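Report on the structure
Take a look at the letters that make up each chain.
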Amino acid sequence: MPGGGFHILGDAYGFIHSVTADIPLWRHYLGGTIASMDIDASGKRLVVGTFAGGVHILDLDASYEDDFTIATGSNKEIRRWLFWDGEKRPLIW
């Protein structure tokens, strides 16, 4: 995201939020309590892990919206893995 000066926070309800010191910028629903996050050096890709067993990669620089995403921004989820107990391989979409 160009400009910087923002923070990305995760919550127990499955949302990630981007905020500045005084205003919220966007939020994106991932569906499980946020466990971990990492952002690449360019600030354009975010990887989020959840306690529900999900790993999500988001493009923060996308100008993308769809009817199936619960979000207030235009971030695009590029890839999602779901690791379920007892499954030999993760579910990927």
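That block above? That's the structure.
Let me begin by describing the structure that accompanies this report. Values in this document were obtained by computation on a predicted structure and should not be read as measured data. (Residues numbered from 1 in each chain as written. Predicted model: local features only at pLDDT ≥ 70, side-chain atom pairs only at ≥ 80, totals over all residues. Heavy atoms only, no water.)

Here we take up the layout of surface pockets. Any space left empty among the atoms is revealed by the rolling of a water-sized probe across them. For the largest pocket, the calculated volume is near 240 Å³. Along the wall of the largest pocket there are 14 residues; nearest its centre are His 28, Thr 69, Glu 77, Arg 80 and Trp 93. If you list the elements that add at least two residues to the lining of the largest pocket, you get β3 (24-29) and β7 (76-82). Ranked by residue count, the leading element in the lining of the largest pocket is β7, at 5 residues. (1 Å grid on protein atoms, 1.4 Å probe; cavity = no way out; pocket = protein on both sides within 12 Å on 5 of 7 lines; lining within 4 Å. Points joined across faces, edges and corners; volume = space filled by probe spheres on them. Helix = DSSP H or I, 4+ residues; strand = E, 2+ residues; numbered from the N terminus.)

Bringing the environment of Lys 44 into the picture now. Considering the arrangement of structural elements, one finds Lys 44 in the loop between β4 (34-39) and β5 (45-50). As for Lys 44 and Leu 58, which are separated by 14 residues in sequence, their C-alpha atoms are 8.3 Å apart.

For the rest of this paragraph, the subject is the packing of aromatic side chains. Overall, the coordinates contain 1 aromatic pair when judged by the stated rule. Between Phe 15 and Tyr 29, the aromatic rings sit 4.9 Å apart at their centres with planes inclined by 55°, giving tilted as the arrangement. Here Tyr 29 lies in strand β3 and Phe 15 lies in strand β2 (residues 15-19), a separation of 14 residues in the sequence. Overall, the relative accessible area of 15% leaves Phe 15 in the buried class. A residue is classified by how much of its surface remains accessible, and Tyr 29, at 31% relative accessible area, is partly exposed. One cation-aromatic arrangement involves Arg 27 over Phe 15; the distance from NZ or CZ to the ring centre is 4.5 Å. (Phe/Tyr/Trp six-rings, centres within 6.5 Å; stacked < 30°, edge-to-face > 60°. Buried < 20%, exposed > 50% of the residue type's maximum accessible area, 1.4 Å probe, protein only. Lys NZ or Arg CZ within 6 Å of the ring centre and 35° of its normal.)

This next bit is on the sheet that holds β2. As summarised here, the arrangement of the 3 strands in space is β1-β2-β3, forming an open sheet in which the pairing is antiparallel. Of all strands in the sheet, those bounded by a partner on one side alone are β1 (7-10) and β3. Sheet twist, expressed as the average angle between the axes of neighbouring strands with direction ignored, equals 20°. Where β1 lies against β2, 4 bridges are found, and the strand directions are antiparallel. When the bridges of β2 are listed, Ile 8 appears paired with Ser 18. (Pairing = 2+ DSSP bridges. Axes fitted to C-alpha atoms, helices over the stretch in contact; angles between N-to-C directions.)

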